[in-house]
Amino acid sequence: MDPLAKQTELTRLLPSGTFDVVQWVAECGSTNSVLADEVRLASNRTTAETQPRAVLIADRQTAGRGRLGRVWESPVGTSLTMSVRLPMPGAGHDRAGLVPLAVGVAVREAVLALGVAADRVELKWPNDLMDPVTGRKIAGILCESAGLPLTVVVGVGLNLRRPAEVEGAVAERAQWLGEIGATDIDPVRVAAAVATAIAELVRQLDSDCQPVIEQIRRGCATVGRDVSVQQHPETFSGRAVGIDDAGALIVRRSDTGQQVSVHAADVVHLRPDGPGFEAQPDISAVPIVATTVPSDSLPGIGPTNETV
C-alpha cells in the first residue's frame, strides 16, 4: 500500500474529530521536528493560536531523534514511526512532565488491545515500553512542548516485525510485537489504535490530571525497583518509591537514605544476581536501535526525550 492509500485508510479508521490533519509520507527527516517546527513558527507571530491536531507518519525517517542526541533507525516495513501534535489549552507547562508517562500508558493500552499479554509489556520511567521477559525494548517515546497555549508533540517508535536480516544491537535489544502475541501488526491499524489512545489520554490530562497520574503510578514498572540513576555529574543507586504529581521519579538513595525527585536522568533497572552478588544492570536499560551522537536537537520537556 502506498503512502497516500495508507493516509486515506488511517483517516477512515480514526474516530471522527480526533485529528484535524492526517498525513502519511514515504520519507521525512523527523516527524517530531516537522510538527514541532510548525508550532514554533506560529509562536513567533504576534497573536497566539491553537495549532491543529495532527498526526504524521513516515515509512522512513532519515533524521529520527531521541534522548541525549541518540538516533532512531527504522528499517522500512519493520517499525511504526509517528508523531502526533495536540494542544493542551487547559494545562500549564507544569503538567508537561506528565505527558511522556501518560503517552506510555496510552501506547501500552493500544499494544494490549492488539493481543499482547499484559505480562509482556511494561512501562519503564520515563517513557519506554519494555518486554520484562526478554528485557528488550518494544517502543520509545519522544515528547516536546512549544507555544502558548501549550502544545505537545509526541513521537512514538514502535517495533512491529523483525527485519529479514537483523544483527548486532538491534537483534539483542529490540522486541517486535509480532513475536510476543500481537494478532494484528498492520501498520495502518496499529497507527490508528496508538494515535487514538494518545489523543484520549492527553485530553484527560488536559482536563483533569489526577486520574491520569493514578494510572501512571499503577502502570509504571520502575516503582518498587532498585535503580541506578545517572544524573550528570553523579550516579547513585536506590529504590524507586513513587512518582510525584509533576511526573518526577521519587528515589530513596542507598547511600544517604534521603528521598530525592528525579526529573531528567538515565534510570537503569537493577536486578540481583543471587546471594552475595552486587546488583547488575537490567538489559532493558540499554537504548534500542540507537547510536549516541552529539546532540543539537530541540529541547524536550521534563523527563521526556526518548527514542523516535
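Structure first, text after, so check above.
Given the structure is predicted, the values throughout are model-derived calculations rather than measurements.

Thresholds applied
Residues numbered from 1 in each chain as written. Predicted model: local features only at pLDDT ≥ 70, side-chain atom pairs only at ≥ 80, totals over all residues. Heavy atoms only, no water. Pairing = 2+ DSSP bridges. Helix = DSSP H or I, 4+ residues; strand = E, 2+ residues; numbered from the N terminus. Axes fitted to C-alpha atoms, helices over the stretch in contact; angles between N-to-C directions. Contact = heavy atoms within 4.5 Å. Buried < 20%, exposed > 50% of the residue type's maximum accessible area, 1.4 Å probe, protein only. Phe/Tyr/Trp six-rings, centres within 6.5 Å; stacked < 30°, edge-to-face > 60°. Lys NZ or Arg CZ within 6 Å of the ring centre and 35° of its normal. Core = buried A, V, L, I, M, F, W, Y, C linked by side-chain atoms within 4.5 Å.

Participant: What's the story with the sheet that holds strand β4 (residues 79-87) in this structure? I'm lost.
Facilitator: Read across the sheet, seven strands follow the order β1-β2-β4-β8-β7-β6-β5 without closing on themselves; strand pairing throughout is mixed. Of all strands in the sheet, those bounded by a partner on one side alone are β1 (21-28) and β5 (122-124). Neighbour-to-neighbour, the strand axes of the sheet open up by a mean angle of 20°, direction not taken into account. In the packing of helix α3 (residues 99-113) onto the sheet, the strands contacted are β5, β6 (128-131), β7 (136-146) and β8 (151-159), and the crossing angle to β8 comes to about 40°.

Participant: Hey, could you run me through the environment of C220 in this one?
Facilitator: Within the fold, C220 resides in the loop between α6 (209-219) and β9 (226-231). Assessed through its relative accessible area of 4%, C220 is described here as buried. For the pair C220 and N127, spaced 93 residues apart in sequence, the C-alpha to C-alpha distance is 9.5 Å. With near-sequence residues (within four places) excluded, C220 lies in contact with L123, W125 and I243.

Participant: It is not clear to me how the packing of aromatic side chains should be interpreted in this structure. Could you clarify?
Facilitator: To describe a pair of aromatic rings, one takes the distance between the centres and the angle between the planes. Within the structure shown, the criterion is met by zero aromatic pairs. The ring of F236 has R253 sitting right over it, with the charged end atom 4.1 Å from the ring centre.

Participant: Mind showing me how you'd approach the pairing of β4 here?
Facilitator: Counting buried positions along β4 gives nine out of nine residues, so the element sits mostly inside the fold. Judged by which residues are buried, β4 turns out to be covered on both faces: S79, T81, S83, R85 and P87 on one side and L80, M82, V84 and L86 on the other are all buried.

Participant: Explanation requested: the nonpolar core in the structure shown.
Facilitator: Nonpolar side chains in soluble globular proteins tend to be buried together. Of all hydrophobic cores here, the largest spans 71 residues; its most connected members are M82, V154, L158, L177 and I198. The dominant element in this core, judged by the number of residues it contributes, is helix α5 (residues 187-207), at twelve residues. The residues touching V154, leaving out its near neighbours within four places in the chain, are N32, M82, S83, V84, V99, V103, I141, L142, C143 and I198. Among the nonpolar cores identified, the runner-up in size contains five residues, and L35, A54, L56 and V153 belong to it.

Participant: Before we go on, may I ask you to explain the environment of Q258 in this structure?
Facilitator: Following the sequence through the fold, Q258 ends up in the loop between β11 (249-253) and β12 (259-262). The class of Q258 is partly exposed, set by a relative accessible area of 47%. When the C-alpha positions of Q258 and G238 are compared, they lie 9.5 Å apart, and in sequence the two are 20 residues distant. Ignoring any residue separated from it by four or fewer positions in sequence, one finds Q258 in contact with V251, R252 and R253.

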